[in-house]
Amino acid sequence: MKLVTFSHSGTTRIGRVDGDQVVDLAAAAPDLPTEMVSFLEAGESALEVAASCSGHALPIQDVKLCAPVLRPPKILAVGLNYADHVEETGMKRPEIPMIFNKQSTSAHPPHEAFHLPRASTALDYEGELGVVIGKRCRHVPRDRAREVIAGYTIANDVSVRDWQLRVQTMTMGKSFDTHCPMGPWIVTADDLEDPHSLDLKTWVNGDLRQSSNTKNLIFDCFSLIEHLSTAFTLEPGDLISTGTPGGVGIAMKPPQMLTEGDVVRISIDGIGEIENAVVAEPPETVLIG
Ligand code: ZN
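Here is what the cut-offs are and how they apply
Going along each chain's sequence as written, the residues are numbered from 1 onward. Note on the predicted model: pLDDT of at least 70 is required for a residue's local features to be given, and 80 or more for side-chain atom pairs to be given and counted; whole-chain, interface and lining totals, by contrast, use all residues. Only hydrogens and water are set aside; all other atoms, that is, all heavy atoms of the structure, feed into the side-chain values. Excluding water, the donors of a metal are its N, O and S neighbours within 2.8 Å, or within 3.2 Å for Na, K and Ca, and that exclusion means sites may look incomplete. Only protein chains enter the accessibility calculation, which uses a 1.4 Å probe; a residue is then buried when its area is under 20% of its type maximum, exposed when over 50%, and partly exposed in between. Per the convention used, a helix needs a DSSP run of H or I reaching at least four residues, while a strand needs a run of E reaching at least two, with both numbered from the N terminus. Whenever Lys or Arg places a side-chain nitrogen within 4 Å of a carboxyl oxygen from Asp or Glu, that contact is recorded as a salt bridge. The contact rule is simple, with two residues in contact once any of their heavy atoms fall within 4.5 Å. Pairs of N or O atoms within 3.5 Å make up the polar contacts considered here, provided that, within protein, one atom can donate a hydrogen while the other can accept it, and that residues adjacent in sequence are counted only when both atoms are side-chain atoms. In this description, a nonpolar core means a group of buried Ala, Val, Leu, Ile, Met, Phe, Trp, Tyr and Cys residues linked to one another through side-chain atoms lying within 4.5 Å. Only strands joined by at least two bridges in the DSSP assignment are considered to pair. The axes used here are C-alpha line fits, helices contributing only the stretch in contact, and every angle between their N-to-C directions lies in the interval 0 to 180 degrees. Here a Phe, Tyr or Trp ring, Trp counted by its six-membered ring, pairs with any other such ring whose centre lies within 6.5 Å, and the pair is stacked when the planes are under 30 degrees apart, edge-to-face when over 60, and tilted otherwise. Think of it as a cone above the ring: NZ of Lys or CZ of Arg counts as a charge over the ring if it is within 6 Å of the ring centre and within 35 degrees of the ring normal. Candidate patch residues must exceed 30% relative accessible area and have no salt bridge, after which like charges are joined if within 9 Å and Val, Leu, Ile, Met, Phe, Trp or Tyr side chains if within 5 Å. Using the Shrake-Rupley algorithm and a 1.4 Å probe, accessible areas are obtained, with residue cover drawn only from the displayed protein chains. Here Asp and Glu are counted as negative and Lys and Arg as positive; His is not counted, and neither are the chain ends. For this purpose, a charge sits on NZ of Lys, CZ of Arg, CG of Asp or CD of Glu.

Description of the coordination of the zinc ion
Thought 1: Here the zinc ion is held by E126 (OE), E128 (OE) and D157 (OD), and the distances to it run 1.9 to 2.1 Å.
Thought 2: Summarised as a motif, the one-chain spacing of the donors to the zinc ion is E-x1-E-x28-D.
Thought 3: Looking at E126, the relative accessible area reads 5%, which means it is buried.
Thought 4: Overall, E128 belongs to the buried group, its relative accessible area being 0%.

Some remarks on unusual backbone geometry
Thought 1: In this structure, the amide linkage connecting G183 to the following residue, P184, adopts the cis form with an omega of 0°.
Thought 2: Take P184: it is sitting in strand β14 (residues 180-188).
Thought 3: For the peptide bond that leads from K253 to P254, omega is -5°, which places it in the cis range.

Quick word on the pattern of salt bridges
Thought 1: Under the counting rule described, the total for this entry stands at 16 salt bridges.
Thought 2: In this structure, the salt-bridge partner of K74 is D238, at a minimum N-O distance of 2.9 Å. On the criterion of sequence distance, the pair formed by K74 in the loop between β5 (64-65) and β6 (75-79) and D238 in the loop between α6 (221-231) and β17 (239-241) is long-range, its members being 164 residues apart. For the pair formed by K74 and D238, the shared burial category is buried.
Thought 3: Each of K102, D124, E126, D157, R161 and K174 takes part in one network of salt bridges that share partners.

Some details on the environment of T5
Thought 1: Looking at the secondary structure, you find T5 in strand β1 (residues 2-8).
Thought 2: Not counting residues within four places of it along the chain, the set of residues in contact with T5 comprises T12, R13, I14, M36, K64, L65, C66, A67, P68, V69 and L70.
Thought 3: In terms of polar contacts, T5 uses its side chain to reach the backbone carbonyl oxygen of P68, at 2.5 Å.

Overview of the nonpolar core
Across soluble globular proteins, nonpolar side chains have a tendency to be buried as a group.
Thought 1: Counting 54 residues, the largest nonpolar core has L123, Y152, I225, L258 and I271 as the members making the most contacts within it.
Thought 2: Considering every element that reaches this core, the biggest residue donor is α6, with 5 residues.
Thought 3: Core analysis: the second largest hydrophobic core is formed by 25 residues, A50, A67, V69 and I75 among them.

Section: the pairing of strand β3 (residues 21-24)
A regular strand places its side chains so that they alternate between the two faces of the sheet.
Thought 1: One ladder, built from 4 bridges, connects strand β2 (residues 11-18) with β3; its direction is antiparallel. When the sheet's bridge partners are listed, G15 is paired in β3 with D24.
Thought 2: Between the end of β2 and the start of β3, which pair antiparallel, lie 2 residues, with G19 showing a positive phi angle near 60°.
Thought 3: Pairing between β3 and strand β4 (residues 57-59): 3 bridges, direction antiparallel. If you follow Q21 over to β4, its bridge partner there is P59.

Considerations on the sheet that holds strand β16 (residues 207-213)
Thought 1: Strand order in the open sheet made by the 5 strands is β9-β19-β18-β15-β16, with mixed pairing throughout. For this open sheet the edge positions go to β9 (114-116) and β16, each flanked by a neighbour on one side alone. On average, each strand axis in the sheet is inclined to that of its neighbour by 20°, with strand direction left out of account.
Thought 2: Where strand β18 (residues 263-268) meets strand β19 (residues 272-280), 6 bridges bridge the pair, whose relative direction is antiparallel. Of the residues in β19, the one forming a bridge with V263 is A277.

Remarks on the environment of N213
Thought 1: As for its position among the elements, N213 is in strand β16.
Thought 2: A C-alpha to C-alpha distance of 30 Å links N213 and G43, two positions 170 residues apart in sequence.
Thought 3: Ignoring anything within four residues of it in the chain, the contact list for N213 reads Y82, H196, S197, L198, D199 and L200.
Thought 4: Here S197 takes part through its backbone oxygen, which lies 3.5 Å from a polar atom of the side chain of N213.
Thought 5: A distance of 2.9 Å separates the side chain of N213 from the side chain of D199, its partner in a polar contact.

Describing the packing of aromatic side chains
The geometry of an aromatic ring pair comes down to the distance between the two centres and the angle between the two planes.
Thought 1: Under the criterion given, the structure shown has 1 aromatic pair.
Thought 2: With centroids separated by 5.3 Å and ring planes inclined at 85°, the aromatic side chains of W163 and F176 adopt a geometry described as edge-to-face. Here W163, found in helix α5 (residues 161-165), pairs with F176, found in the loop between α5 and β14; they are 13 residues apart in sequence, far enough to count as distant. Exposure class is identical for W163 and F176. Each is buried.
Thought 3: Positioned above the aromatic ring of W163 is the side chain of R166, whose terminal nitrogen or guanidinium carbon lies 4.0 Å from the ring centre.
Thought 4: Cation over ring: R265 sits above W203, and NZ or CZ is 4.1 Å from the ring centre.

What to know about a negative patch on the surface
Thought 1: Among the surface-exposed residues, E44, E48, D190, D191, E193 and D194 lie close enough to one another that they form a single negatively charged patch.
Thought 2: Residue placement: E48 occurs in helix α3 (residues 43-52).

Shape is all these values report; function is a separate question.
See the structure below:
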């Protein structure tokens, strides 16, 4: 099953994708939560209702797809998790997963432009397999990690390289607003038997930049869950962005940073694709509250 968050007629809610249609779950199964985190928290019984209800379908081209989890409780990302990417950065292969956070406010829709920041021109893409957590959990052994995975999605771990590399932590360089495009949906775990055999490709303006397979992950999805849950509770809706293969812009010779008007497309077998253009960060100062 493919689960989406979408906007239509002024409200945002969740749906199930069937071919080129979205079943509006708020209408087809009114007892279900209409927001993805609450829906995932409702567990197996909610998933069964979502999978079996019918009617209330909208053409997918008539809705606006949002990030499947609008505001993931946590976005955890992994640095240097493909050997060819380790090599192109000139860094050492990590013996322990290199974990960092992207702020949850960076979550962004699968087909909407992300920002070239006012503060930098060193903008880069990172195509990645995303794991969405489905159950609150702690101390999950690797061989039980499947039980806590709701499904899989695509993420672009957009990176502002100068901000990422000029200080000791990646927190700011990885977390500019709009810098975690994700989606287009969550493919539930039962529909994706083996997350470690999926081709992953990234194009910029139609040029193939990254081409790998998730079998090349140094620390696979299950090991990452074991590692992360050693320290803290994982919760429904948390996103683990599992790392990017070789072929990022900063490692090209000469480096090729993204600029206004560029279009980044990422595809992963068995999931789909996301495509986002680059736009200049809007000029206004935003005061909220
Ligand atoms: Zn990354």
